[in-house]
Amino acid sequence: MPVLKFFGHAAFKFSSLKVSVLLDPGYLEGKPLVSESEKVSVICVTHNHPDHLGNAARIAAAQKAFVVGTGEVVEKLRREGAPEWLLRPLNPGESFVRPEVKITAVALNHGPLKNPSTISHFAFLVELEKVRLVHLGDAGTRGLLGHYEIDVLLIGVDETETFPPVQALQAVSDLKPKLVVPMHVRKEEELDYFEEHFSLMAPEAKYKRMEAGEEIMVEWVAGTEFTFKPLPRE
Amino acid sequence: MGETLKVIVDLSEKVDCVLSGDNKLKSISAKGTLTVRNPSQRNKIWSCELQLGGVSSTSLKEERYTVGEVPAGGTWSLEYDIPVENPLVNLREIVDTFPKDSEVNWAVAFNRLTPIRCIISLTNPSDIFAKNLEVRKRIPKGFGDPSIEPPQTGTVEYIPETREVVWKGFDLAPGGEATLAINMAIKPEDVKPIGAGEVLLTYQVTGSTVSSLDPSLYGISDLRFSVEPAESPSRPNLWDCTLEFYNTSDFVELLLDVETFLVSDGRKPVASLSPDVELLPQQSWSYKFQVESPELPVFETKFDYMVTYEVRKSTYTTVVKEETLLPVMRVEAEKAFMPAEVDAYNKTPMSVTVSIFNVGSAELDAVSIIDTVPEDFRAPTPDKIKVILGDKEVASGVTITLEPPSAPVEQHKTLKISVAGLSKMGGFKPGQTMKVTYPIIAWGPKPKGKYLTPLRVTCNISPPGLEGEFVRLEEKPPAIEIKYARRAVKIFKEAVTPGAEKNQYVVPLVIVNSGEVNIENVSVKDFVPSGFKLVSWKPEEFQPKVEETPDGLVLSWFFARLEPKQEIQFSYVIEGSGRYVRREPQISIGPLT
């Protein structure tokens, strides 16, 4: 059963026994959120900002992990010394496929919607053991995500860089994921607002606010009911 | 012939008592006056001595007082204080602002005509008879003329000139009770506590005092005395003597002891008596005896007597019960939306804050908010509703109902939030503010300008009575402003171009949300002429639903949502022979889900 681990800010690892996908292992306050010794198979970087790209090059080199991302991201990692044979730039709509995992790049504009960044930006749909997880990065739009069935949605709640709480709630309401995990939170009051309205905007969705270092197990029970369960801390 | 009088020893005591508005003893004091009164117009009394028992029940220090002489018609007085704890007769007034139920309610609702029932009850738990009771109850202006229920004892009348109810002409025996019920009504136009009028009770007790003073008076007045010796007609030197006392005063005098000596024979006692006889005015008492003496005997007589007296005791009591103050319940409310304006056709989370201000003078126990969640707005679930009093969240006693309970979003809903039992957490005090917050969701509101959300607030005390109301926001409801946003969407088919293979054609479609608002549930249909079949499509997620018709194929796509300015390009490839007759795609927009 897949396990989702949170490292803080926007850094997650989505893994099974066979494969581990690290998403946005950025820097926070100048320090890497993820250790280079973290066991990973694939690293996904949504865009070329330090709080998302972080020490991805070193982790990739240390773990011999593939890195997928936009052309800008790959170029940046190349300059930082990531081994060329591990770099996998994707075009919008393309997928990186391995027997255990499929990762699809969905082009979405960097937020916020009112003042968008021109940087190229992907969200990633990671399909692992029948669980479909979407990491929105710093997306400020939803683009064609409405075409995908989403089980786990990792969504930024931060009006300075990604979705303001109201638009994050609208996205959750429209995309209809089974489980929502907020990330990229800079102001607690924004998350409070998001949490206060969450169940009204998306009454069918589950909600989990994760703490750094926390792990949850996600699965489809009998193929019909989506559940998650916190794992004991190491 | 004069009067037959006794000296009066009068003990008059007066008790003054004040009860607070809630019937608690606020102060009580008693003073007494002991008066020796000479009722005679003719005779003085003198050598008066007053002996008092029971002085410890008073402020008096001495048991013995020299009164001396009291002239005819004169008095001598002694004043004292008496420590006292309770009046003889208990007065209790209950002012009930909600007579319909059995509990006593104590506040009135602002600007609502409130019936008031006053019950004045008197009880005499002592073994002393209280007489001439009189109760005066002031009816303040604003209460209208009272309706008085006939009492079981005494007479009662309302005096409009003085606005007083006077109940009098009755006594209260030991263990007795009496009750008077007065009904009135008031419609408060101010929030200051309203006084329900004082009660004054007066009564007398005769033959008894609060103190246990027990006076004894010794004094004398005019008395004529003589000893008349007369030689015996039958024998010389034998003297028949008559000792006579004659009461020349108006008083009843008591002759106590008489002792007579024959001075001419070396003070030989010849009579020693204790007659203890009362002599009425002009009444005499005599005693006869004989002595032997060669000469006219000379006597010396000592005697003791006193004027009689009567002790009169009385107590006059005044009980003032201060007016019961009736606090006034009044609340005001404000309602705020965040954001105050939302886009039409969109889903927008909103926060609602209802602020309730206790602007009255009553400490409230319960508040109810009857609020409106208009159509096209999703109501909150009960767990999202927070009630904060001061800086504390009200954790218990909150009841939430939604009518209809499972109303769809497009239906008007009434949200009732009742908060009770606030007294347990210190009460909702005058000057305090209660905040009720909850989220709602604007669920695709229509561009009709605004949605009205009438709000009504009621409040009550514990035990509950006639509730206070705040209806201004019901009459002038707060509104959620709707920002009109233009909807526009277009779909077009770009030029059909040959495909990679023979007889294949690429059909590119572009859908653009050119409006100012999100559109949802967008359905797109395109038509493929007969003779052609669908070969592929791009992107691969954009697989159309295919329906076969006599005219060819109908391809349809569904888009859950298109944001403003969002453009989606997709295409499909068909293969076939014959002429491709171009038809324009169709688009439709569904409601929000």
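Residues numbered from 1 in each chain as written. Chains lettered and ligands numbered in written order. Predicted model: local features only at pLDDT ≥ 70, side-chain atom pairs only at ≥ 80, totals over all residues. Heavy atoms only, no water.

## Description of the state of the cysteines
Here, the word disulfide means a covalent bond between the sulfur atoms of two cysteines. As enumerated under the stated definition, the model contains zero disulfides over all chains in all. There is no disulfide at B:C118, and the cysteine sulfur nearest it, in B:C17, is 19 Å away. (Disulfide = S-S within 2.5 Å.)

## Section: the sheet that holds strand β24 (residues 309-321) of chain B
Residue and element names in this part refer to chain B. Overall, mixed pairing links the eight strands, which are arranged β5-β2-β1-β24-β15-β9-β12-β11 in an open sheet. Because the sheet does not close on itself, it has two edges, and the strands there are β5 (75-82) and β11 (155-159). With direction set aside, neighbouring strand axes in the sheet form an average angle of 15°. Bridge count for strand β1 (residues 7-19) against β24 is 13 bridges, and the pairing is parallel. Within the sheet, the bridge partner assigned to D16 lies in β24 and is T318. (Pairing = 2+ DSSP bridges. Helix = DSSP H or I, 4+ residues; strand = E, 2+ residues; numbered from the N terminus. Axes fitted to C-alpha atoms, helices over the stretch in contact; angles between N-to-C directions.)

## What about the interface of chain B and chain A?
With 29 residues of chain B at the interface, the matching set in chain A holds 21 residues. Of the roughly 2,000 Å² buried where chain B meets chain A, counting both sides, 52% is carbon and sulfur surface. Ranking the residues of chain B by area buried against chain A places B:P349, B:E541 and B:E563 at the top, with a combined share of 26%. Counting across the chain B and chain A interface gives one salt bridge. Across the salt bridge formed by A:D174 and B:K347, the nearest N and O atoms sit 2.8 Å from each other. Linking chain B with chain A are nine residue pairs in polar contact (both at pLDDT 80 or more). At the level of secondary structure, the elements contributing two or more residues to the side of chain B that touches chain A comprise β29 (347-358), β36 (433-443) and β47 (552-562) of chain B. When its residues are assigned to classes, the side of chain B that touches chain A shows 15 nonpolar, six polar and eight charged. (Contact = heavy atoms within 4.5 Å. Buried area = accessible area lost by both parts, 1.4 Å probe. Salt bridge = Lys/Arg side-chain N within 4 Å of Asp/Glu carboxyl O. Polar contact = N/O pair within 3.5 Å; in protein donor to acceptor, adjacent residues only side chain to side chain. Nonpolar A, V, L, I, M, F, W, Y, C, P; charged D, E, K, R; others polar.)

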